[in-house]
Every structure is written in C-alpha cells, then in structure tokens.
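So the chains spell out like this:
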Amino acid sequence: MGIPTVVIVLARCSRRRQGFALRLEEQGAGRWFADWAFAVAEARASREGYDQGEIAGRFDFADTYPGCPHCEAGGIFRCGACGKVSCWDGRQQPVTCAWCDRAAPLKGAIERLHAGGDR
Ligand SMILES: [Zn+2]
Ligand SMILES: [Zn+2]
C-alpha cells in the first residue's frame, strides 16, 4: 500500500451559504471517501487552490464524515450548471445550488469533482 491520496473539495452550505471543505481520501483507484469536513473562509480556500484540479471516480462517505459544519447535512450534490458542490440533507428535491442559485432535480451519482491538494 502506498501513501493514500488526500484532496480537499470546496463546498458551500445550502442553507447558510457559507463555505466548507471536504477532505477526501482515495482508497483504491478511483474510490474516494469523504471522511472529514470543516468550515473554511472562501477567500482562504481560493488561495489554497482547492478548485485547481479535478478528481474522478466513485464517491462515498466514510463513517467518520461529520456532515456539513454549518447545518449538519450528511450529503452533497454537484451542480450540473456550475460544477460546484453544495451540502444536501438527503431529502430536498429539487435542489438549489448554493453557488449559482440554479434549481434542478438531482439525478445520478457524482462522477467528478474539482479538488486541490491537502497542504
Ligand atoms: Zn449545510
Ligand atoms: Zn451551480
């Protein structure tokens, strides 16, 4: 086993419209598990380059995932219009993107995410 790949994905709370970061770890090729989330100021997040790269594969939540740090929602969705990530409570449909305000029904699994290195 090599050193696991860890990346950070920037997200925004659907209710409070505040930024947070998800930590994802790759366990096997293209199998990503979100195992931590923490509140982050978006100005700092863009300095850190959290949205510079992209990861692809299958995404799941580890048992340790604490939920959105602002509203405790346990899920996320990726907007089909702007490609950014917002928290999701697992019930709300259609969902409204916390970044671009586009409302759309959720469909399919997340296949790729903008991500940056964990420094
Ligand atoms: Zn939230
Ligand atoms: Zn959007």
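Residues numbered from 1 in each chain as written. Chains lettered and ligands numbered in written order. Predicted model: local features only at pLDDT ≥ 70, side-chain atom pairs only at ≥ 80, totals over all residues.

Enquirer: Residue-level account of the overall build of the protein chain, with values.
Expert: Summing up its helical and strand segments, the protein chain has 1 helix and 10 strands in all. The order of α-helices and β-strands along the protein chain, N terminus first, is β-β-β-α-β-β-β-β-β-β-β. Radius of gyration (C-alpha) of the protein chain: 13 Å, near the 14 Å computed for a compact globule of 119 residues. Residues counted as buried form 28% of the 119 residues belonging to the protein chain. (Helix = DSSP H or I, 4+ residues; strand = E, 2+ residues; numbered from the N terminus. Rg over C-alpha atoms; globule rule 2.2 N^0.38 Å. Buried ≥ 20, exposed ≤ 12 C-beta atoms within 10 Å, placed from the backbone.)

Enquirer: Can you tell me about the environment of Val-7, naming the residues and giving the values?
Expert: Within the secondary structure, Val-7 is located in strand S1 (residues 6-12). In this structure, the C-alpha to C-alpha distance between Val-7 and Gly-30, residues 23 residues apart in sequence, is 13 Å.

Enquirer: How would you summarise the nonpolar core if you had to cite specific residues and measurements?
Expert: One finds Val-9, Ala-11, Ala-21, Leu-22 and Leu-24 to be the most contacted residues of the largest nonpolar core, which totals 23 residues. Sorting the residues of this core by element identifies S1, strand S2 (19-26), strand S3 (31-39), strand S6 (75-78), strand S7 (85-88) and strand S10 (112-117) as the ones contributing at least two each. Looking at which element gives the most residues to this core, the answer is S1, with 5 residues. Not counting residues up to four positions away in its chain, the partners in contact with Ala-11 are Phe-20, Leu-22, Ile-76, Val-85, Ser-86 and Cys-87. (Core = buried A, V, L, I, M, F, W, Y, C linked by C-beta atoms within 7 Å. Contact = placed C-beta atoms within 7 Å.)

Enquirer: Summarise unusual backbone geometry; cite the residues concerned and give the values.
Expert: A negative phi angle is the norm for most residues apart from glycine, just as the trans form is the norm for most peptide bonds. Here Gln-93 and Pro-94 are connected by a cis peptide whose omega angle stands at -10°. Turning to its location among the elements, Pro-94 is positioned in the loop between S7 and strand S8 (95-96). Residue Glu-72 is not a glycine yet carries a positive backbone phi of 70°. The topology assignment puts Glu-72 in the loop between strand S5 (58-61) and S6. With 13 C-beta atoms packed within 10 Å, Glu-72 lands in the partly exposed category.

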